[in-house]
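Chain and residue survey
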Amino acid sequence: MSSSLSGTVFLSKLITQYAHLHERTVGKHADEYISQLGIRTGEWVESFYGEKNEQWSVERYAEVIVDIKNSIGGLFRISEIHPDKVIVKASGCPFGEVVKDAPHLCMMTSSVFGGIASRRMGYGKVNLRKRIAKGDPGCEVVIYFHPTDEEEGHVYENLPITPSNGNPFIWDEEAIESLGEELRKSDEMILKLLDELETLKKEVDTLKAEKATKL
């Protein structure tokens, strides 16, 4: 039975479809855009849990990242807490099942968790071990607080912190120009591909015409 329609369900579907379209048009750079949004969103969310530059214990960090996810509709829980890492698991995603339409949205989780770890713990390395978006029955995420070769992951360190009374959602010119440059490259790649397809089409038409003449 399908879930009943609600504002949350509608918004989740809208966001995931937008993200899916974004990934199709931007390609491999989509993950980076989502990551940057997650880093900035995470910094904003942190303001609900304490002052900037405040060092947290491992336990506090784990409690906060789980509370963040559950506050926006996820079903997360702390699985393990160690001095050098935290493992959290989830039986439900804030985006629901529609996250399967745009699995690269998982980078939002990675960058929120990793960004907060970088700012509060000094370093963050995040590995999305299991993902509902990829068909797993649940999610499993590990966050390391020190460099390690134990497993792969996305590293977050030396992240800039918005000045006091600043707004993390006001992007600086350098960041905007960088993202704009990546978009321009993607546009040029698409145009080049279209030109190549048109050239190939003409070559095929020519071969067909030559074959028809010989017959």
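Residues numbered from 1 in each chain as written. Predicted model: local features only at pLDDT ≥ 70, side-chain atom pairs only at ≥ 80, totals over all residues. Heavy atoms only, no water.

Focus: the nonpolar core
So the rule is basically this: To qualify as a nonpolar core, a set must consist of buried Ala, Val, Leu, Ile, Met, Phe, Trp, Tyr and Cys residues joined through side-chain atoms within 4.5 Å. The cut-offs for exposure are 20% and 50% of the maximum accessible area for each residue type, with area from a 1.4 Å probe on protein chains only; residues under the lower value are buried, those over the upper are exposed, and the others partly exposed. Throughout, a residue-residue contact means that at least one pair of heavy atoms, one from each residue, lies within 4.5 Å.
One finds Tyr61, Ile65, Val88, Phe113, Ile143 and Phe145 to be the most contacted residues of the largest nonpolar core, which totals 37 residues. When neighbours within four sequence positions are excluded, tyrosine 61 is seen to be in contact with Trp56, Val86, Phe113, Ile116, Ala117, Met121, Ile143 and Phe145.

Side note on a nonpolar patch on the surface
Applied cut-off: Like charges are joined within 9 Å and nonpolar side chains (Val, Leu, Ile, Met, Phe, Trp, Tyr) within 5 Å, but only among residues with over 30% relative accessible area and no salt bridge; these make up the patches. For the area figures, the Shrake-Rupley method with a 1.4 Å probe applies, and any residue is considered shielded solely by the protein chains shown. Each reported salt bridge corresponds to a side-chain nitrogen of Lys or Arg within 4 Å of a carboxyl oxygen of Asp or Glu. The way it works is that DSSP assigns letters per residue, a run of H or I at least four long becomes a helix, a run of E at least two long becomes a strand, and they are numbered from the N terminus.
Taken together, the side chains of Leu194, Leu197, Leu200 and Val204 present a nonpolar region at the surface, about 350 Å² in accessible area. One can find leucine 194 in helix H5 (residues 173-214).

Describing the pattern of salt bridges
Counted under the stated rule, the structure contains 6 salt bridges. A salt bridge links glutamate 46 to arginine 119; the nearest nitrogen and oxygen atoms lie 2.6 Å apart. Taken together, the residues span a long stretch of sequence, with glutamate 46 in helix H2 (residues 30-46) and arginine 119 in helix H4 (residues 106-121) at a distance of 73 residues. Salt bridges sharing common partners tie together Glu46, Arg119 and Arg120.

Brief notes about the side chain of glutamate 140
Put simply, the rule reads: Counted as a polar contact is a pair of N or O atoms within 3.5 Å, where, for protein atoms, one must be capable of donating a hydrogen and the other of accepting one, and residues adjacent in sequence contribute only when both atoms are in side chains.
For glutamate 140, the location among the structural elements is in strand S4 (residues 139-144). Glutamate 140 sits in the buried class, given a relative accessible area of 11%. Among the polar contacts made by the side chain of glutamate 140, one reaches the side chain of arginine 129 at a distance of 2.8 Å. Among residues more than four places away in sequence, those in contact with glutamate 140 are Ile87, Val88, Lys89, Asn127, Leu128, Arg129 and Lys130.

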